[in-house]
Every structure is written in structure tokens, then in C-alpha cells.
Amino acid sequence: MSAEVWVFAEQRDGKLRKVTLELLGKGRELADKLGVKLAALLLGSGVSDLAGELTSYADNVYQWDDPLLERYNSDIYLQLISHLAGKETPQILLAGATFLAKDLFPRLAGRLDTGIAVDCLNLAIGDDNLLVATKPLFGGKVLADVVCRKGRPQIALVRPNTFPPPSLSGASKGEVHKLEVSIDPDQVKLEVLEVVRAAKERLDLTEAEIIVTGGRGLKEPKNFRLLEDLADVLGATVGATRAVVDSGWRPQDDQVGKSGKTVSPKLYFAIGLSGAIHHIMGMDTSNVVVAINKDPRAPIFQYADYGIVGDLFEVLPLLTEELKRELAKG
Amino acid sequence: MNIVVLVKQVPDSEAMVQVREGGSAVEVEDKYTLNFFDSLAVEEALRIKEQVGSGKVTVVTLGTQKSVEALRTGVAMGADEAVLLDDPALIGGDEYVTAKALAQAIKNMEYDLILCGREAFDDSSGAVGPLVAEFLGIPHITVAVKIEVSSEQRTVTVEREVEGGKEILKAPLPVLLSAQKGLNEPRVPPITGVMKAMRTEIKRLDLAALDLPATEAGVAGAKQEVLRYHRPPERPPVKIVEGEVPDAVRELVKLLKEEAKVI
Ligand SMILES: Cc1cc2nc3c(=O)[nH]c(=O)nc-3n(C[C@H](O)[C@H](O)[C@H](O)COP(=O)(O)OP(=O)(O)OC[C@H]3O[C@@H](n4cnc5c(N)ncnc54)[C@H](O)[C@@H]3O)c2cc1C
Ligand SMILES: Nc1ncnc2c1ncn2[C@@H]1O[C@H](COP(=O)(O)O)[C@@H](O)[C@H]1O
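Small disclaimer: the values here were computed from a predicted structure and weren't measured.

Scoring rules and cut-offs
- Residues numbered from 1 in each chain as written.
- Chains lettered and ligands numbered in written order.
- Predicted model: local features only at pLDDT ≥ 70, side-chain atom pairs only at ≥ 80, totals over all residues.
- Heavy atoms only, no water.
- Near = heavy atom within 4 Å.
- Polar contact = N/O pair within 3.5 Å; in protein donor to acceptor, adjacent residues only side chain to side chain.
- Areas by Shrake-Rupley, 256 points an atom, 1.4 Å probe, with all protein chains shown as cover.
- Helix = DSSP H or I, 4+ residues; strand = E, 2+ residues; numbered from the N terminus.
- Pairing = 2+ DSSP bridges.
- Axes fitted to C-alpha atoms, helices over the stretch in contact; angles between N-to-C directions.
- Domains from an automatic or database assignment.
- Contact = heavy atoms within 4.5 Å.
- Buried area = accessible area lost by both parts, 1.4 Å probe.
- Salt bridge = Lys/Arg side-chain N within 4 Å of Asp/Glu carboxyl O.
- Nonpolar A, V, L, I, M, F, W, Y, C, P; charged D, E, K, R; others polar.
- Buried < 20%, exposed > 50% of the residue type's maximum accessible area, 1.4 Å probe, protein only.

**Student:** How would you sum up the site of ligand 2? Please name residues and give values.
**Tutor:** All names here are of chain B. Lining the immediate surroundings of ligand 2 are 20 residues, of which D38, A120, D123, G126 and A127 lie closest. One of the side-chain N or O atoms of D38 is found 2.5 Å from an oxygen atom in ligand 2. A distance of 2.9 Å separates a nitrogen atom of ligand 2 from a polar backbone atom of L62. Calculation on ligand 2 without its partners gives an accessible area of 480 Å², and the protein chains cover 98% of this total. Counting residues per element, the ones that place at least two in the shell around ligand 2 are strand 6 (57-62), helix 3 (95-107) and strand 8 (113-117).

Have a look at this one:
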């Protein structure tokens, strides 16, 4: 079988999303194991530079470049991808578990009569060369290894920061295939009226490598300044608990947890938050967790690697200073 | 305006979940609740109906007898009708077959709008909604935080959340929308509602009523198969850095650098 492994190359404002590179790395590993080619799917407007970038990772780059694709519209993306998938019959399709992918790919699975595993934490090739996807259930209390025998492609959406980005050494020289953007307008029912981007210089929580999250222990919205300072030193993104968001101290976009975002950074600071199970469900796959809380019995310490029992108002300024000093040393 | 709301009874966040020896199944403590995002969907349906001033809200679920609770909660909040997709052959499927059965049920109902939750707490995939829309051949918009319905123009304008921003979309009815936190504050069912819910008849649909062959339902029809369940790796016990705060902070930074190697 020569059916390819596909990676959906999600781009935003002219840049590939970090999770795309992570999946190109993993996708290469899977493709090598199966002895097939790795391809990237790129949709957008004015994306030929990105296509060029992708050829360092993928053997084939399928590119749809058209002003119609400048903004994501599921009705349009679906037609293009399902059409190509019908023709090329890839065996695996990977994408990051982003808002866009979660909007698009379940529906694509329906159109192609195949299965989809969302929010995967691991991927491997198992018996019969099937993709074994590990996905969390019950907020991460249990993991399930799933396979899809009865449909192609096997679709998996993977949580960002799950796989390391690939190194460029031994780069393959891929080929770009420019595809025609022909769509049936009768099947485009959605209209994207407006895209509002919050002016943020930081990575989104879902992709951030370091996150500093504050809870009700910060007492007042203005005290988040202390977290911002710490985040500045670390190049981190600031998160918040639901208690903080519901009090209007921070925007909904910042909420980590079951009813907020699921994050998986390299380093997670949990500051002045108790560690309610709803919060834990959104950050439990973080690599290293540091808790700062004045209550030694706070549940967060059960989910942390390192902890300081103390008053955050005393700890934070010192921590920020110390990190600044340490990082300046290089 | 007739609105269908997809609801699911799911284990509470606090419920204990055990993996059976050998990883063949999971055992869930008997603590269930209406899925949080689905309560937002019910609330929104009620508000839209109130605003439009006519029509009915129907809550629909696929599940076991336990799932009747989700329907009763929906009715207690104010939904008019409740439908249970009720057949042993429907149980144990994945998102794909679940959506197929739901779409099959909805196809024969009168609807202008379908609402569901962003994701269900048990599988957290958020796949069922878009799949239902696909099987019905109607558009969908996920993670809605604001919904405005124009019943004259038969359109909705929806604000949806994306990473670090918002998108505003317009779609013709019928459309399927999934509810994201921030959409509304779900009401607490009033006592009169709870009493009404006890009396409301639950309409039950089995495979025959759904006109679904057994091969396209439940475990038999699922696209995915679970090989095994297992526990996530455990985190080693926390290292509490002791001492006066300035010393502890210095020690912590040293550990992050030299032991954890994350900075
Ligand atoms: C359906 C549902 C969904 C939910 N989803 C989420 C979610 O997505 N995300 C989420 O976060 N929560 C969620 N919650 C809420 C969750 O249950 C908790 O209520 C919430 O996480 C608590 O926030 P907190 O830790 O900031 O506040 P608290 O629980 O009040 O904790 C504050 C902590 O700060 C510490 N503290 C106080 N002062 C100081 C100080 N000076 N120095 C150091 N420490 C100090 C205290 O010891 C305490 O541990 C959800 C709840 C429900 C029912
Ligand atoms: N068995 C079910 N019965 C009714 N609605 C469901 C069912 N499963 C999922 N849904 C709906 O689909 C949404 C997303 O579920 P999921 O794809 O399982 O994460 C839920 O919030 C519900 O609104």
C-alpha cells in the first residue's frame, strides 16, 4: 500500500502553527514505519512561501491558494479536502486539536465514512499497520487506545505540545502540487462576517510552552500584574482559573480547565489556586508543574512536581527577580 | 421556531473512574449529571424560544435508562418534549454511530435549529455535533459564545471563540450550533419545572423506529474500536522546597534549571 500519511498544515496570519510542525515530525516517523510518503495539506491565500517551508518536512505538499480561503470556512475547506481524500485515499490524517480542526475534521470523518480520535496524547503503528491513537476519557482520568479498522483515512487530532518539533537535518525536498480551488457554491451556506483577533504578543495557552496561571488567591485583578511580570521574564502565557474568569478579572480566553482550555506546556505554574478537579483536568498533562500556595493542604500539591508553601505576594516578586537573574546568565 | 437540543448524562467530575483489570473496560462511580455544555445549550434554546415567542424545544438523547435524567433536567429547565433513543443495540458506539442515530431521529422531526454542547465530559471530543450536521446535510458552527436568531430572515449570526480571538459567522436555518462557556448562565430548574419533568412522557425510539439496521448502530456500526483502557502515568510526589522564602525561591529556580531542565 502506498497510501500516504497526511498532516493538515494549519496556518494563521501567514505562519504555520507550532503543532503543525510537531505533527510533521511525528507524521514522518509514522510514514517511515509504513514505508509511505508524508504529505502536508495547505489552504490559504498567498501561502506559497509556507508551501516552500513545508517541502523541508513533507514529500508532497498539496496547496490550495485562493483569496476565498483567506478565512476559514468549514463549508469550503470540507469540499476541497474531502475531494482530494477521495482521490488520493490517504491512510492517516493528522491535525492539531485546535478550535479550527475540531470544527472541521469530525465533519470530514462523517463525509468520508471514517472514524476520528480527538485530543490524542500519543500515536503509534500497531498490529496490521493500524494507527493506535491514545486519547483521554473522563477529563484524563483514563486513557483509551483506539484503532479505526473500518474507514480511511484514520483521523487523529493531537493535543499541541505532545510531540517535539522535528529537526531539519536530513531534510527531504518535497514537491508542491498546486491544486485548483473549485467549489460548489450551493454547498457553501456559512458566511464569515468578521474575524477579530485580540492583539496579543503571546502564544495562545493551548500552544504555550510555559504558562503561569493565577487563581482567586491573587485577590484582585490588578495583582495579575505580578503574574504578567513573571510571564514576561519567561516568555510565558498567563492563564486563569474559572473563579477568576467568572469574577471578571480575566477574559474567558484565559481560562484553563474542563470548561476552559486544555493545556499541555513544558512548565506550568499554578499560583494561588486550589487545584479543583475541574482545573486539574485542563492541565494535568503538563510536563512539569510548580505550585505556590499558602495552604499546605491545597489539592494542587498532589498534582505538582515542585511546590512552595507560602504567601504568593512574597514569593512572586522574588521569583521573578531570581529568574531574571538566572536567565540573564544564559 | 422549533429547536432540538442534544443532551447527555455524563459522570460528574468528582466520580471515581476505575480501569478494570486487563484494561478491557472502565467502571464509573454512580454519580451522574447533565453535561455542563449541554446545560448551556438547553438554556440558549429556551431563551431563543422566549425571544421568538413561538415553537417548541425538544431535548434528545441516546443512552440507557440513566440518560432519562438528562432529559428530565432539560424538561425541568423548560423544554417541552423529550426523546430517548432507546435500544440496547445503540449502546457502546463511537461518536460516528451515535451521531448517525441522532441524525436519523432528528430527520423525522420538525426543526429550525439544533443546539448541542462543545463537548461531552466523558469522551470530550466535540465530534457528535458536527457529525450530526453532516448526516443531516445542514451547516454547523462550533463553540458559539453569542447567538442571534432572525426568525424573519431565517438566519443566525453567531460569535464563536477561536484561539486568541473571535469569529462572527452567519448561517441560514436550519443550522447546528455547539455551546461554549460564556454563552449564558444556565438557569436552575424551578420546583414547578421539576414536578412537570416527573410527569412528562418520554418518547422512546428503538432501532426499528429509527429505521436503522443493527449493523449501523452501537458497537457493530462504530468506526473506532477501543483496544484497551489504561491509567495515565502518575506524577511522582511533590517536592516541597522548604526554608525562608528567598532561599526557597533560589532553590526552586535551581531545581527547574538543573533537575527538571525546563528553563
Ligand atoms: C461544571 C464545572 C466546570 C468547571 N470548570 C472549571 C475550569 O475549567 N477551570 C477552573 O479553574 N475551574 C473550573 N471549575 C471551578 C472549580 O471547581 C473551582 O471552583 C475553581 O477552579 C477554583 O478557583 P481557584 O483555585 O482560583 O479558587 P479557590 O478554590 O478559592 O482557591 C484559591 C487558593 O488560593 C490560595 N491562596 C489564597 N491567598 C493566597 C496567598 N496570599 N498566597 C498563596 N496562596 C493563596 C488558597 O489557599 C486557595 O488554595 C468548574 C466547576 C464546575 C462545577
Ligand atoms: N449520546 C448522546 N445523546 C445526545 N447527545 C449527545 C450524545 N453524545 C454527544 N451528544 C451531544 O454532542 C455534544 C458533543 O459530544 P462529544 O462529541 O461526545 O464530545 C454533547 O455536548 C451533546 O450535546
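Picking up where we left off.
**Student:** Got a sec to walk through the sheet that holds strand 5 (residues 60-65) of chain A? Specific residues and values, please.
**Tutor:** Residue and element names in this part refer to chain A. Read from one edge of the open sheet, 7 strands run 7-11-6-1-4-5-12, paired in parallel fashion. In this open sheet, the two strands that pair with only one neighbour each are strand 7 (116-120) and strand 12 (175-178). In this sheet, neighbouring strand axes are inclined to one another by 20 degrees on average, regardless of whether the strands run parallel or antiparallel. Sheet analysis places strand 4 (residues 38-44) next to strand 5, joined by 6 bridges and oriented parallel. The residue bridging G44 from the neighbouring strand is D65, located in strand 5.

**Student:** Just give me the short version of the domain arrangement of chain A, but keep the residues and values in it.
**Tutor:** Residues and elements named next belong to chain A. The domain architecture assigned to chain A consists of domain 1 (5-187) and domain 2 (210-328). Taking the mean C-alpha position of each, domain 1 and domain 2 sit 32 Å from one another. Opposite the 8 residues of domain 1 that make contact, domain 2 presents 7 residues. Interface of domain 1 and domain 2: buried area, both sides summed, is about 560 Å²; carbon and sulfur atoms make up 61% of it. The largest contributions to the domain 1 side of the interface with domain 2 come from G139, R159 and N161, which together make up 59% of the buried area. In this assembly, domain 1 and domain 2 are joined by 0 salt bridges. At the junction of domain 1 with domain 2, the criterion picks out 2 residue pairs in polar contact (both at pLDDT 80 or more). Considered class by class, the residues forming the side of domain 1 that touches domain 2 number 4 nonpolar, 2 polar and 2 charged.

**Student:** Quick rundown of the pattern of salt bridges? Include the residues and the values.
**Tutor:** A side chain of one charge can pair with a side chain of the opposite charge when the charged atoms of the two come close. Applying the stated criterion across every chain, the model contains 49 salt bridges over all chains. One salt bridge connects B:R160 with A:D103, and the closest N-O pair in it is separated by 3.3 Å. With one member in each of two chains, B:R160 in strand 10 (residues 155-162) and A:D103 in helix 4 (residues 99-111) form a pair that bridges those chains. This pair shows no difference in class: B:R160 is buried, exactly as A:D103 is. Across the pair B:K66 and B:D30 runs a salt bridge, and its minimum N-O distance is 3.0 Å. Highlighted residues: B:K66 in the loop between strand 6 and helix 2 (68-77) and B:D30 in the loop between strand 4 (26-28) and strand 5 (32-34), separated in sequence by 36 residues. With a relative accessible area of 37%, B:K66 lands in the partly exposed category. Connected via shared salt-bridge partners are A:R202, A:R225, A:E228, A:D229, A:D232, A:R250 and A:D254.

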